[in-house]
Amino acid sequence: MKLLVVLLVGLVAYATAHNIVGNVNHNNKHKATSDACTTFSEFALVLDESKSIQPDDWKDVKNFASEIVQKVGISTYGNRAGIASFSDRARIRITCKQHDNTKDFIQAINAFERKGTYTNMEDGLIKGQRLLKESGCGHRSSVFSRILVILSDGIPNQSPQGSQTGSKSGLSTLFQRARGIRSEGIKIIAIGVGKEFEVNKDKDGHDTVDLGLEILREITGDPALVFTSQTFSQLTNSDFIKQVIDPICTDPAISSTVAPTTTKRTTTQTTKATTKATTKATTKATTKATTKATTKAPDATKARPGPPTGPTVDPDTGVCRCRGPTEKDFPGLSLSVFDIEHFPGEARKDKVKSAILDIVKQSRQIKELQANYNGCKRSLRHILLKTVNQYKDGTQLFFNIDECTVNAECKFPTWLNRLEEKKCKLEDELRWYQGTFGRIYDYGENAYNQLSGVWK
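Note that the coordinates shown come from a computational prediction; the quantities given were computed from them, not determined experimentally.

## Some remarks on the state of the cysteines
1) Next: Applying the stated criterion across every chain, the model contains three disulfides.
2) Next: A sulfur-sulfur separation of 2.0 Å characterises the disulfide bridge that pairs C320 with C376. An S-S torsion of about 100° defines the bridge between C320 and C376 as right-handed. In this pair, C320 is assigned in strand β10 (residues 320-321) and C376 in helix α10 (residues 348-387), connecting sequence segments 56 residues apart.
3) Next: Sulfur-sulfur distance for the disulfide between C322 and C404 comes to 2.0 Å.

As C-alpha cells, then:
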C-alpha cells in the first residue's frame, strides 16, 4: 500500500512540475488565467489615492486592481481579497467577506472615487493589515499565504497621527509598522509608479537608489518583492501583472525568492496540529454545515434552509472536505406533476412559473458548489505534494481528493442534467397553458389528466 501511495505522489509531483494540474509556468509569457493560483491566498490591495494621481491615472490604478483580482480569482472557499486606499487617511473599501465572486468584486472596484491630498502610507499598511485579520480573512487553516500589496506614486508625507513626514529619520515608525506586519507571516509586495523609484548612475558609474525605492525595499524586507513602473498605463501590462501575482500565488514553503517566515500561524497551516482557537472555530463551522446539509427540506410553500455552499473543514487534519450533499438538499431533483400545486400562484401556470424559477435557482447552487469543491480539490493536491507524511502517508488526503472528484465531476453533472430535464418539461407545460387548450383547462384536475403523458 505504501509503495502505491509513493507512486501516486510521484505522479502528482510530475504533473505539477509540467503544469498539468494548473500550476503557473513561470516561463510562460501568456496571460495567466483565473486558475493561476493552486494555493489558497488571502490578499489586501492598498492603493494610493493622493492628489498627485490624476483622473486618468486613477482609472489605470483601478484597472490594475481589477486585473489582479481577475487573474487570481475570488470565491467563498478559494482566494479572498480586500481593498483599502490611502491619502490623508486610509479607508477600507472592500472587506474579504463583502464579495464571494470575481465579477461582483470588480464591479465594486470600478465604482471607486478618488479623494485626498497627502500620502499616508503607514495608515494604508494599518488598514491592509486589518483586512487580513478580520471581516472574512485570517481565520482559515487552508490558506497558505497572506499578502499585502501596496501601490504608491510618491514618498510618504503624512503619518496616522496627522504629522507630516518624508525624511529618513521620520520614516522609522513606517518601517517598524511594516516589520510588525511581516512578523505575523504576512508577505508585503510594494509597487512604485513614477520617477521616485528609480536606480540611476552617479558620475563614477555607481548605482544610486532613489529614496522612494529605498522606502519600498525597507517596507517589503526583500528587494525581489518591489516592482516599479514608469507610468500608470504600464501597470496593466500582462508581464507586469504576472510579476505581481506570482508571489501571491506561490506557497511560501516552496518559494525560491522569499525565505519562509517561521510563525505560529504558518505552522498551523501545514501541520496536523491546530491551535485551540482554530479547532473551536472549525468544529463550530463543521457542525453548522452538517446540520444545514442534513436538515429535511420542507414543502416548497415554506422557506427551506439552503443547501451547503461549499466544503467543510476536517477537524482531525484541518483541511477541507467535500462532504457531499444529498438529493434532499435539492427538491427539484424529485419534482413530480403533483408537487407543482405546492408552489405559490393562483392559476396552475403561475405555479409552473414559480417551479421553473426554483429549479433555475437550485441549478445555480449546484454549479457554485461544484466550483467550490474543485477549489478544495486543487488545494488538497497542493498539500499532498508538501506534507504527505503528516497525513498518514497521504491516505486521508487521497480519500478527500476522491471525495471531491465523486461529487464535483460525477454526481453534480448528473444532477444538473436531471434538473434541466425537469425544467424542459415545465417549460413545455407552460407553453401548453399559453395556447387555447391551456386557457380552457387552467384549473381543476383536468390539468393532471391532460399533462400525465408529459411527466411520465
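Having seen it, we continue.
## What to know about helix α7 (residues 238-248)
1) Next: Among the 11 residues that make up α7, eight are buried, leaving the element largely enclosed by the rest of the structure.
2) Next: Structurally, the start of α7 carries an N-cap: the backbone nitrogen of D239 is 2.9 Å from a side-chain oxygen of N237.

## Examining the sheet that holds strand β8 (residues 226-229)
1) Next: An order of β3-β2-β1-β4-β5-β8 is seen for the six strands of this open sheet, with the pairing classed as mixed. Every other strand in the sheet has two partners, leaving β3 (90-94) and β8 as the edge strands with one partner each. Across the sheet, the mean angle separating the axes of adjacent strands is 20° when strand polarity is ignored.
2) Next: For strand β1 (residues 40-48) and strand β4 (residues 143-152), the ladder comprises eight bridges, and the chain directions are parallel. Bridge pairing in β4 links L47 to L151.

## Section: the environment of T236
1) Next: For T236, the location among the structural elements is in the loop between β8 and α7.
2) Next: Each C-alpha atom of the pair T236 and K62 lies 9.8 Å from the other, and the pair is 174 residues apart in sequence.
3) Next: If near-sequence neighbours (up to four positions away) are discounted, T236 is found in contact with D60, N63, F64, E67 and I241.
4) Next: A polar side-chain atom of T236 sits 3.4 Å from the main-chain carbonyl oxygen of S233.

## Focus on the pattern of salt bridges
1) Next: The final tally for this structure, using the stated rule, is 14 salt bridges.
2) Next: Here K242 and D246 are joined by a salt bridge, their closest N and O atoms 3.2 Å apart. Placement of the pair is K242 and D246 together in helix α7, with a separation of four residues, close to one helical turn. You'll find K242 and D246 in the same group, each marked buried.
3) Next: Several salt bridges converge on common partners, so that one network encompasses E49, R91 and R93.

About the cut-offs
Residues numbered from 1 in each chain as written. Predicted model: local features only at pLDDT ≥ 70, side-chain atom pairs only at ≥ 80, totals over all residues. Heavy atoms only, no water. Disulfide = S-S within 2.5 Å. Helix = DSSP H or I, 4+ residues; strand = E, 2+ residues; numbered from the N terminus. Buried < 20%, exposed > 50% of the residue type's maximum accessible area, 1.4 Å probe, protein only. Polar contact = N/O pair within 3.5 Å; in protein donor to acceptor, adjacent residues only side chain to side chain. Pairing = 2+ DSSP bridges. Axes fitted to C-alpha atoms, helices over the stretch in contact; angles between N-to-C directions. Contact = heavy atoms within 4.5 Å. Salt bridge = Lys/Arg side-chain N within 4 Å of Asp/Glu carboxyl O.

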